[in-house]
Amino acid sequence: MSSSIRLTVPADSLFGPTNLPYGVYSAPGRAPRVAVRYGDHVIDLAVLLGDDVFARPSLNAFMAQGHARWVEVRAEITERLRRPVPAEAVHDLDAVTLHLPIEVADYVDFYASEHHASNLGRLFRPDNPDPLTPNWKHLPVGYHGRAASVVVSGTDIIRPAGQRKGPHDAAPVFGPSTRLDIEAELGFVLGTGNAMGESIRAEDAERHIFGAVLFNDWSARDIQAWEYVPLGPNLGKSFASTISPWVVPLLALHAARVPTPVQVPAVLPYLRMEQPWGLDVDLTVAWNGQVVSRPPYAAMYWSPAQMLAHQTVGGAPSRTGDLFASGTVSGPGKEQRGAFIELTWGGTDPVTVNGRQRTFLEDGDEIVLTATAPGADGTRIGFGEARGRIIGCERREA
Ligand code: MN
């Protein structure tokens, strides 16, 4: 006879019954499997629900079952956790390893913050009267990134090497990036996609988006500045992107929905929604343990649904495990900027971190993104963290 235990979680936990984010864990010596986080417990879902779709090393098979099944499973988990659960389903968070929760299919990064896009416009195109490019308020600007470089929180980030050419350099040089930066973002995980030649309407996006994660789009500004014209970022961003291990279900984020800022001029019909919804998620950026920024996701101009509608409107297929990130989250205030290039104004206005004047990342620096949002029943729910430490780069040009 196996024993059962009744689990309790403090009322102020960010991982109470209104959150229940999904992840992939492994116990020592065991294969990775799908779990939910409940307080500081990690609950094995294959054991709890007796469904082998969870006895796998990613969420993809479960996500592919579709929205109706996500609703059902969430209700089943909620109901099961009210009663004693099998002891063998329960692990302490401290006793397990957390893995990349999804098998990442394709990855796209958007640029949905008007504050961020305006700040970068002022920095890079100072002579231009409008800091936004002419397309910016008509479509969610984005670029295709590299799915293979998405890593889970806690993975060390190897400083990238590459070409750069400063404004006063006669020729490009090769070496480790000297302007390594972060971008604090949310990433959205696609549960089900669309066939080639079809598209996902903005109003239907919430039936396709499975959940959200924290996302750090590490960026080498010197490599990026030299390579990005005319086709956009490539090696300056393709070396690594960190996500949090827990996917917060979109179903847990209903109470966090807020209207996006008013969109003027009016968008084309395929981007129109009765009420575009953003998310009232408060992010924090900690640099070596010191919070240096608190970017508010609620200020984002484009909604996740509009991003997905735009991404698919041309007929490109999308699929289970696709990841699209929001772009840097920045608010109107200086201490709400989600990238150091903005926070330090291109490196000209350092921030003080643990008593030192800092601009870009040094080897050994550690960045931790965290976030919370309103949950159901007046609760707050957490996203956990996306943590990464910079380690030195040994590569030099041969
Ligand atoms: Mn980005």
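All of the points below concern the structure found in this document. Sequence order sets the numbering: in each chain, residues are counted from 1 along the sequence as written. With the structure being a predicted model, the display of local features is reserved for residues of pLDDT at least 70 and the display and counting of side-chain atom pairs for 80 or more, all residues being used for whole-chain, interface and lining totals. Water and hydrogen atoms were dropped before computing side-chain values, which therefore reflect all heavy atoms in the structure.

1. As for the side chain of R159
In this fold, R159 is placed in the loop between β11 (157–158) and β12 (161–164). Two N or O atoms count as a polar contact when they lie within 3.5 Å, although within protein this holds only if one can serve as hydrogen donor and the other as acceptor, and sequence-adjacent residues are included solely when both atoms are side-chain atoms. In this structure the side chain of R159 is engaged in a polar contact, spanning 2.9 Å, whose partner is the backbone oxygen of S177. Here D363 takes part through its side chain, which lies 2.8 Å from a polar atom of the side chain of R159. The numbering of helices and of strands both runs from the N terminus, where a helix is a DSSP run of H or I of at least 4 residues and a strand a run of E of at least 2.

2. Quick word on the sheet that holds strand β22 (residues 282–287)
Here, any two strands with at least 2 DSSP bridges between them count as paired. Taken together, 5 strands build an open sheet; the order of strands is β11-β28-β27-β22-β23 and the sheet is mixed. Edge positions in the open sheet fall to β11 and β23 (290–293), since each of these has one partner strand only. Examined bridge by bridge, β22 and strand β27 (residues 366–374) share 6 bridges and lie antiparallel to one another. Paired with V285 across the two strands is L369, which belongs to β27.

3. Focus on the packing of aromatic side chains
Pairing of aromatic rings covers Phe, Tyr and Trp, the last through its six-membered ring, and needs centres within 6.5 Å; plane angles under 30 degrees mean stacked, over 60 mean edge-to-face, and all others mean tilted. The full count for this structure, using the stated rule, is 12 aromatic pairs. For the pair W70 and F210, a centre-to-centre distance of 5.1 Å together with 90° between the ring planes defines the contact as edge-to-face. Taken together, the residues W70 in helix α3 (residues 67–80) and F210 in strand β16 (residues 209–216) connect sequence positions 140 residues apart. Here the aromatic rings of Y301 and W302 are separated by 5.4 Å at their centres, their planes lie at 75°, and the arrangement is edge-to-face. Of the two residues, Y301 and W302, both sit in the buried class. In this structure, R37 is placed above the aromatic ring of F15, and the distance from its NZ or CZ to the ring centre is 3.6 Å. It is R257 that lies over the ring of W277; its NZ or CZ is 4.0 Å from the centre. The classification of residues rests on relative accessible area computed with a 1.4 Å probe and restricted to protein chains. Under 20% of the type maximum is buried, over 50% is exposed, and intermediate values are partly exposed. By the criterion adopted, a ring carries a charge over it if an Arg CZ or a Lys NZ lies within 6 Å of its centre and within 35 degrees of its normal.

4. Details of the pairing of strand β2 (residues 22–26)
The element β2 is largely enclosed, with a buried count of 5 among its 5 residues. Here β2 shows a buried face lined by Y22, V24 and S26 and a second buried face lined by G23 and Y25. Pairing between β2 and strand β3 (residues 33–38): 4 bridges, direction antiparallel. Bridging across to β3, Y25 finds its partner in R33. The pairing of β2 with strand β7 (residues 97–99) spans 3 bridges and is classified as antiparallel. Looking at the pairing, S26 lines up with T97 of β7.

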